[in-house]
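Okay, here's what each chain looks like letter by letter:
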Amino acid sequence: RQKKLVEYLNDNPEIASVIMSGGEPLLLGNQGMKKVLEKLREAQYLAEFRICTGTLFQGWPFRLDSEWLEVLRDYESETGVRVHLNAHLSHPAQFTPEALDAVARIREYGFPINSQVPLQEGVNVFREDFDKTMQTLYELAELQGRNGVRPYKYILHMNSGSLEYSVPLEFMLQILGELKYKTDHHLPETWQPVSVSILCKEGNILLSPQLALCLEKEVFAEYVEYRIPIPHQRGFRDVTYREPKMEGFND
């Protein structure tokens, strides 16, 4: 598979970034990661290598040890390919002493840490309490800014699989307005998320005020469907996003 990937990358020089995701990619041992990177050295046009992991904040920060970081540092210094860590993060309580120790170790090696925050009802979003939602997300954002974690992406519908955890798109747009465009924070650049997106079967839809103004909505008996025009080549294409109908929020 790695051989085919490298062949594809070399045949398509416009592709400059590779994302290693999962599952959990850090279940691969240090020597396994070294073998992956050895093969990626043959990719002639690669500029960025990103690793998406839940280990840092979700229960296994010890996995990010010095040996693993040295493997990444050697690859980066010898190839010039920039290495980034995208860390899944859900709640302020996940900034444990062990996680903070791992964050400091990663930063010593010079690797950026970008957070990916799935928005989930009852975890960091509370449909019936907007103030509690924002208090939780402000605290989460401040902890990121204070500890050198970049608030990179907040994600809607990250395979929640249950109405219990679902966050309505229209509620998320209110959150986006507060997070992205509130101007009275003393250090806004340290905590505003770079992007807010919907992760659905048709891909990763980056939200913006312009797209929000162009949404078309249709309400059915058990679900709500949105048609979202997203940039595609030199025009737009419509993506359909469907979510459960929630009384008082999207019906």
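See above for the structure.
Here goes a summary of the coordinates provided. (Residues numbered from 1 in each chain as written. Predicted model: local features only at pLDDT ≥ 70, side-chain atom pairs only at ≥ 80, totals over all residues. Heavy atoms only, no water.)

## Comments concerning the overall build of the protein
Part 1 of the reasoning: A count of helices and strands for the protein gives seven helices and ten strands.
Part 2 of the reasoning: Over its C-alpha atoms the protein spans a radius of gyration of 20 Å, differing by no more than 12% from the 18 Å that the globule rule assigns to 251 residues.
Part 3 of the reasoning: Over its C-alpha atoms, taken along the principal directions, the protein stretches across nearly 55 × 45 × 35 Å.
Part 4 of the reasoning: Counting over 251 residues, the protein shows a buried share of 45%.
Part 5 of the reasoning: A separation of at least 24 residues holds for 71% of the contacts in the protein among residues at least 6 apart in sequence.
Part 6 of the reasoning: Counting only carbon and sulfur atoms, one obtains 49% of the accessible surface of the protein, whose full area is about 13,300 Å².
Part 7 of the reasoning: Separation of charge centres in the protein, based on 27 positive and 36 negative side chains, amounts to 6 Å. (Helix = DSSP H or I, 4+ residues; strand = E, 2+ residues; numbered from the N terminus. Rg over C-alpha atoms; globule rule 2.2 N^0.38 Å. Buried < 20%, exposed > 50% of the residue type's maximum accessible area, 1.4 Å probe, protein only. Contact = heavy atoms within 4.5 Å. Areas by Shrake-Rupley, 256 points an atom, 1.4 Å probe, with all protein chains shown as cover. Lys, Arg positive; Asp, Glu negative; His and termini not counted. Charge placed at Lys NZ, Arg CZ, Asp CG, Glu CD.)

## Here's the deal with the pairing of strand β3 (residues 82-88)
Looking down a regular strand, the side chains alternate between one sheet face and the other.
Part 1 of the reasoning: Here β3 lies mainly inside the structure; six of its seven residues are buried.
Part 2 of the reasoning: In terms of strand pairing, strand β2 (residues 48-53) meets β3 through six bridges, oriented parallel. Directly across from T53, in β3, lies its bridge partner A87.
Part 3 of the reasoning: In this region the chain leaves β2, passes through helix α3 (residues 66-79) and returns to the parallel neighbour β3; the handedness of that crossover is right-handed.
Part 4 of the reasoning: Sheet topology note: the β3/strand β4 (residues 113-118) ladder contains four bridges and is parallel. (Pairing = 2+ DSSP bridges. Right-handed = clockwise from strand over helix to strand, strands pointing away.)

## Overview of the environment of E178
Part 1 of the reasoning: By the element assignment, E178 lies in helix α6 (residues 169-181).
Part 2 of the reasoning: Each C-alpha atom, one on E178 and one on C52, is 27 Å from the other, the two residues being 126 residues apart in sequence.

## Quick word on the side chain of N114
Part 1 of the reasoning: Inspection of the secondary structure puts N114 in strand β4.
Part 2 of the reasoning: Residue class for N114 comes out buried when judged on its relative accessible area of 3%.
Part 3 of the reasoning: A distance of 3.2 Å separates polar atoms of two side chains, one belonging to N114 and the other to N86.
Part 4 of the reasoning: If we skip the residues at most four places from it in the chain, N114 touches H84, L85, N86, A87, R150 and Y152. (Polar contact = N/O pair within 3.5 Å; in protein donor to acceptor, adjacent residues only side chain to side chain.)

## Quick notes on the pattern of salt bridges
Part 1 of the reasoning: Per the stated rule, a full pass over the model turns up twelve salt bridges.
Part 2 of the reasoning: Residue E38 is joined to R41 by a salt bridge in which the shortest nitrogen-to-oxygen separation is 3.6 Å.
Part 3 of the reasoning: Residue E38 is classed as partly exposed on the basis of its relative accessible area of 40%.
Part 4 of the reasoning: Residue R227 pairs with E225 through a salt bridge whose shortest N-O separation is 4.0 Å.
Part 5 of the reasoning: For R227, a relative accessible area of 26% puts it in the partly exposed group.
Part 6 of the reasoning: Here the salt bridges share partners, and the residues they tie into one network are E216, E218, E225, R227 and R242. (Salt bridge = Lys/Arg side-chain N within 4 Å of Asp/Glu carboxyl O.)

## So, α3
Part 1 of the reasoning: With 14 residues, α3 extends 20 Å between its outermost C-alpha atoms, agreeing within 8% with the 20 Å of an ideal straight helix rising 1.5 Å per residue.
Part 2 of the reasoning: Of the positions making up α3, those classed as buried are W68, L69, V71, L72, Y75 and E76. Along the axis of α3, the buried residues cluster in a sector spanning 155°; they form a single face. Exposed residues on α3 whose side chains face more than 90 degrees from its buried face are S77 and E78. (Expected span 1.5 Å × (residues − 1). Arc of directions from axis to C-beta.)

## With respect to the sheet that holds strand β6 (residues 195-200)
Part 1 of the reasoning: Within the open sheet, the seven strands sit side by side as β1-β2-β3-β4-β5-β6-β7. Their pairing is mixed. The two strands at the open ends of the sheet, each matched to only one other strand, are β1 (17-20) and β7 (203-206). Within the sheet, the average angular offset between the axes of one strand and its neighbour, ignoring direction, is 25°. (Axes fitted to C-alpha atoms, helices over the stretch in contact; angles between N-to-C directions.)

## What to know about the pairing of strand β8 (residues 216-219)
Part 1 of the reasoning: Relative to strand β9 (residues 223-232), β8 runs antiparallel, the two sharing four bridges. The residue of β9 that forms the bridge with E216 is R227.
Part 2 of the reasoning: The turn joining β8 and β9, which pair antiparallel and follow one another in sequence, is formed by three residues.

## A few points about the environment of R237
Part 1 of the reasoning: Assignment of secondary structure puts R237 in strand β10 (residues 235-244).
Part 2 of the reasoning: We classify R237 as partly exposed; its relative accessible area is 31%.
Part 3 of the reasoning: Other than its neighbours up to four places away in sequence, R237 contacts E202, I228, P229, I230 and H232.

## Focus on a nonpolar patch on the surface
Part 1 of the reasoning: On the surface, a nonpolar cluster with roughly 380 Å² of combined accessible area is contributed by L27, W60 and F62.
Part 2 of the reasoning: Within the secondary structure, F62 sits in the loop between β2 and α3.
Part 3 of the reasoning: Residue F62 is classed as exposed on the basis of its relative accessible area, which comes to 60%. (Patch = residues over 30% accessible without salt bridge, like charges linked within 9 Å, V, L, I, M, F, W, Y side chains within 5 Å.)

Function-wise, these values are silent; they only describe arrangement.
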